[in-house]
Amino acid sequence: NGTRPAWVAFAATGPAPFTVALAGTDETTQGDPWFVRVDDYPGLGSQLAAEHPVRLAPGAATTRSFRALVADGTPSSQAIGDALTAAPGQGGRR
């Protein structure tokens, strides 16, 4: 959707609701706007070429780093934010 909040989430409702959320873990990733797709199939990620093409020299690479949350149900925004900013290995209930 082209915005740059700290994290983005997709929640599915129905008989088996679930939530997937991503947060960038490095400055480069955090600077990218988010890409969100909900038609045909859900998709979340960095929108690398939002404003300009990403040009790489032969053999060069670009990387993005994320922290992900996959949860049964639809947790609150506060719970998602807390889980994505908790110390590694310190997530919520399992």
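Now for a description of the structure that goes with this document. (Residues numbered from 1 in each chain as written. Predicted model: local features only at pLDDT ≥ 70, side-chain atom pairs only at ≥ 80, totals over all residues. Heavy atoms only, no water.)

Moving on, we come to the overall build of the protein chain. A count of helices and strands for the protein chain gives two helices and five strands. Taken across its 94 residues, the protein chain has 24% of its residues classed as buried. Counting contacts in the protein chain only where the partners sit at least 6 residues apart, residues at least 24 apart contribute 55% of the total. Carbon together with sulfur atoms contributes 53% to the accessible area of the protein chain, which is approximately 6,600 Å² in total. Considering the protein chain, the positive charge centre built from 7 side chains and the negative charge centre built from 8 side chains are found 4 Å apart. (Helix = DSSP H or I, 4+ residues; strand = E, 2+ residues; numbered from the N terminus. Buried < 20%, exposed > 50% of the residue type's maximum accessible area, 1.4 Å probe, protein only. Contact = heavy atoms within 4.5 Å. Areas by Shrake-Rupley, 256 points an atom, 1.4 Å probe, with all protein chains shown as cover. Lys, Arg positive; Asp, Glu negative; His and termini not counted. Charge placed at Lys NZ, Arg CZ, Asp CG, Glu CD.)

Next up on the list: unusual backbone geometry. Phi is positive for D40, which is not a glycine, with a value near 70°. Judged by relative accessible area, D40 falls into the exposed class, the value being 75%.

Turning to the packing of aromatic side chains, a few remarks are in order. Following the criterion strictly, the structure yields two aromatic pairs and no others. Between F10 and F18 the ring centres are 6.2 Å apart and the planes differ by 50°, which places this aromatic pair in the tilted class. With 6.1 Å between their ring centres and 40° between their planes, W34 and F66 make a pair best called tilted. Of this pair, W34 sits in strand β3 (residues 34–37) while F66 sits in strand β5 (residues 66–72), and the two are 32 residues apart along the sequence. (Phe/Tyr/Trp six-rings, centres within 6.5 Å; stacked < 30°, edge-to-face > 60°.)

Before going further, it helps to spend a moment on the nonpolar core. With seven residues, the main nonpolar core is built from A21, A23, L69, A71, I80, A83 and L84. Excluding anything up to four places from it in sequence, A71 contacts F18 and T19. (Core = buried A, V, L, I, M, F, W, Y, C linked by side-chain atoms within 4.5 Å.)

Another point: helix α2 (residues 77–85). Buried residues of α2: I80, G81, A83 and L84, and no others. The arc that holds the buried residues of α2, viewed along the axis, is 165°, so those residues lie on one side. Along α2, the residues that are exposed and aim more than 90 degrees away from the buried face are Q78 and T85. (Arc of directions from axis to C-beta.)

The next point concerns the pattern of salt bridges. Going through the model one piece at a time under the given rule, you end up with three salt bridges. One salt bridge connects E51 with R4, and the closest N-O pair in it is separated by 3.4 Å. With E51 in the loop between β4 (43–46) and β5 and R4 in the segment before β1 (7–12), this residue pair connects regions lying 47 residues apart in the sequence. Here R64 and D32 are joined by a salt bridge, their closest N and O atoms 2.4 Å apart. With R64 in the loop between β4 and β5 and D32 in the loop between α1 (27–31) and β3, this pair connects stretches of sequence that are 32 residues apart. (Salt bridge = Lys/Arg side-chain N within 4 Å of Asp/Glu carboxyl O.)

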